[in-house]
Amino acid sequence: MTVALGDGPGKARFVSEMFSRIAGRYDLMNGLMTFGMHHAWRRAAARETIPSPDGPGLDLATGTGDLALELARIHAHRTIAGADFAHGMLTIADDKRRAEARGGRIRLVEADALSLPFEARTFAFVTSAFLLRNLADLRQGLVEMKRVSRPGGRVVALEITQASLPGWAPLFRAYFHHVVPRIGALVGGDREAYTYLPQSVERFLTPLDLSALMESVGLRGVKYRRLGFGTVTIHTGIA
């Protein structure tokens, strides 16, 4: 099944409506698709923010709040803002925040990653998990992440990546393009959303190309680390 999903000027609306639609099954589907590994990947991304300067943190496209909660556990005295433009996701994130001991330091904001409602140099770090490939304007998204970061602040992005290991890559691609949409239809109740997922990864930049784009918007010390047999990548840069 090959369809052009989430392309063109309507991409932002498509993505927002899609994530609000699947919010109720989002955590369950993440667990099934990644065999529970997505929690470890988020923890690894959160740890990349430890050397940040003083100040609050921002988790973009916070979704149901898992990465924001990891950040709140690591940074015991910081306020963490969790921003997302999918209202349905924020509703679930708010429930999880209220149930967590340190959730009181998380402030949820409905906001567009391409036009953030924050002053420049506000945050000690800016994180995102599985955001960048969903942006209608990737460069503008990176510009905004840098703009709201304090000098020396960390920008950290966790992304799904096309596998490249010989032997493993074709197996992962078959799983991602054929099995995941079927699971999405049966469990998530939304085949379109989980058809868009592998297609968006297929069209996304390689880790090397994304690193070059991060450097082009002014981020320093850009590097990346691949996890999950090369299926996910943590990108980091310094504002």
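Criteria and thresholds
- Residues numbered from 1 in each chain as written.
- Predicted model: local features only at pLDDT ≥ 70, side-chain atom pairs only at ≥ 80, totals over all residues.
- Heavy atoms only, no water.
- Phe/Tyr/Trp six-rings, centres within 6.5 Å; stacked < 30°, edge-to-face > 60°.
- Buried < 20%, exposed > 50% of the residue type's maximum accessible area, 1.4 Å probe, protein only.
- Pairing = 2+ DSSP bridges.
- Helix = DSSP H or I, 4+ residues; strand = E, 2+ residues; numbered from the N terminus.
- Right-handed = clockwise from strand over helix to strand, strands pointing away.
- Salt bridge = Lys/Arg side-chain N within 4 Å of Asp/Glu carboxyl O.
- Arc of directions from axis to C-beta.
- Contact = heavy atoms within 4.5 Å.
- Axes fitted to C-alpha atoms, helices over the stretch in contact; angles between N-to-C directions.
- Parallel < 35°, antiparallel > 145°, perpendicular 65-115°, else oblique.

Draft legend 1. Here's a closer look at the packing of aromatic side chains. Overall, the coordinates contain 7 aromatic pairs when judged by the stated rule. Centre to centre, the rings of Phe19 and Tyr26 are 6.1 Å apart; their planes meet at 70°, and the pair counts as edge-to-face. Accessibility classification places Phe19 together with Tyr26 in one group, the buried group. Aromatic side chains Phe118 and Phe123 sit 5.0 Å apart centroid to centroid with 90° between the ring planes, which places their arrangement in the edge-to-face category. Like Phe123, Phe118 is buried. Ring pairing ties together the aromatic residues Trp168, Phe172, Phe176 and Phe229, which thus form one cluster.

Draft legend 2. Spotlight on the pairing of strand S3 (residues 106–110). Here strand S2 (residues 80–84) pairs with S3 via 5 bridges, running parallel. Within S3, the position partnered with Ile80 by the bridge is Ile106. The handedness of the S2 to S3 crossover, carried by helix H4 (residues 87–99), is right-handed.

Draft legend 3. Quick peek at the pattern of salt bridges. Throughout the structure, instances matching the rule amount to 13 salt bridges. Two residues, Arg73 and Glu100, come together in a salt bridge whose shortest N-O distance is 3.2 Å. Of this pair, Arg73 sits in helix H3 (residues 66–74) while Glu100 sits in the loop between H4 and S3, and the two are 27 residues apart along the sequence. A relative accessible area of 24% places Glu100 in the partly exposed class. Where Arg97 meets Asp94, a salt bridge forms, and the shortest distance between an N and an O atom there is 2.7 Å.

Draft legend 4. Spatial organisation of helix H8 (residues 207–216). Listed as buried for H8 are Pro207, Leu210, Ser211, Leu213 and Met214. Each buried residue of H8 lies within a common arc of 160° when the element is viewed along its axis, so the set occupies one face. Contacts from the buried residues of H8 go to helix H5 (138–147), strand S6 (220–227) and strand S7 (232–238). Downstream of H8 by one or two residues, Gly218 has phi in the positive range, about 105°.

Draft legend 5. Broad picture of unusual backbone geometry. The backbone of Phe35 shows a phi angle near 55°, a positive value even though the residue is not glycine. On the secondary structure map, Phe35 appears in the loop between helix H1 (11–34) and helix H2 (38–47). You will see that Phe130, though not glycine, has its phi angle at about 65°, which is positive. Examined against the element boundaries, Phe130 turns out to sit in the loop between strand S4 (123–129) and H5.

Draft legend 6. Inspection of the sheet that holds S4 at higher detail. Taken in spatial order, the 7 strands line up as S3-S2-S1-S4-S5-S7-S6 in an open sheet, and their pairing is mixed. Every other strand in the sheet has two partners, leaving S3 and S6 as the edge strands with one partner each. Neighbour-to-neighbour, the strand axes of the sheet open up by a mean angle of 15°, direction not taken into account. One ladder, built from 6 bridges, connects S6 with S7; its direction is antiparallel. Within S7, the position partnered with Lys223 by the bridge is Thr236.

Draft legend 7. Up close: the packing of H1 against H2. The N-to-C vectors of H1 and H2 enclose an angle of 95°; their axes lie 9 Å apart at closest approach. The angle between H1 and H2 places the two elements in the roughly perpendicular class. Side by side, H1 and H2 meet where Tyr26, Asp27, Asn30, Gly31 and Thr34 of the first sit next to His38, Trp41 and Arg42 of the second.

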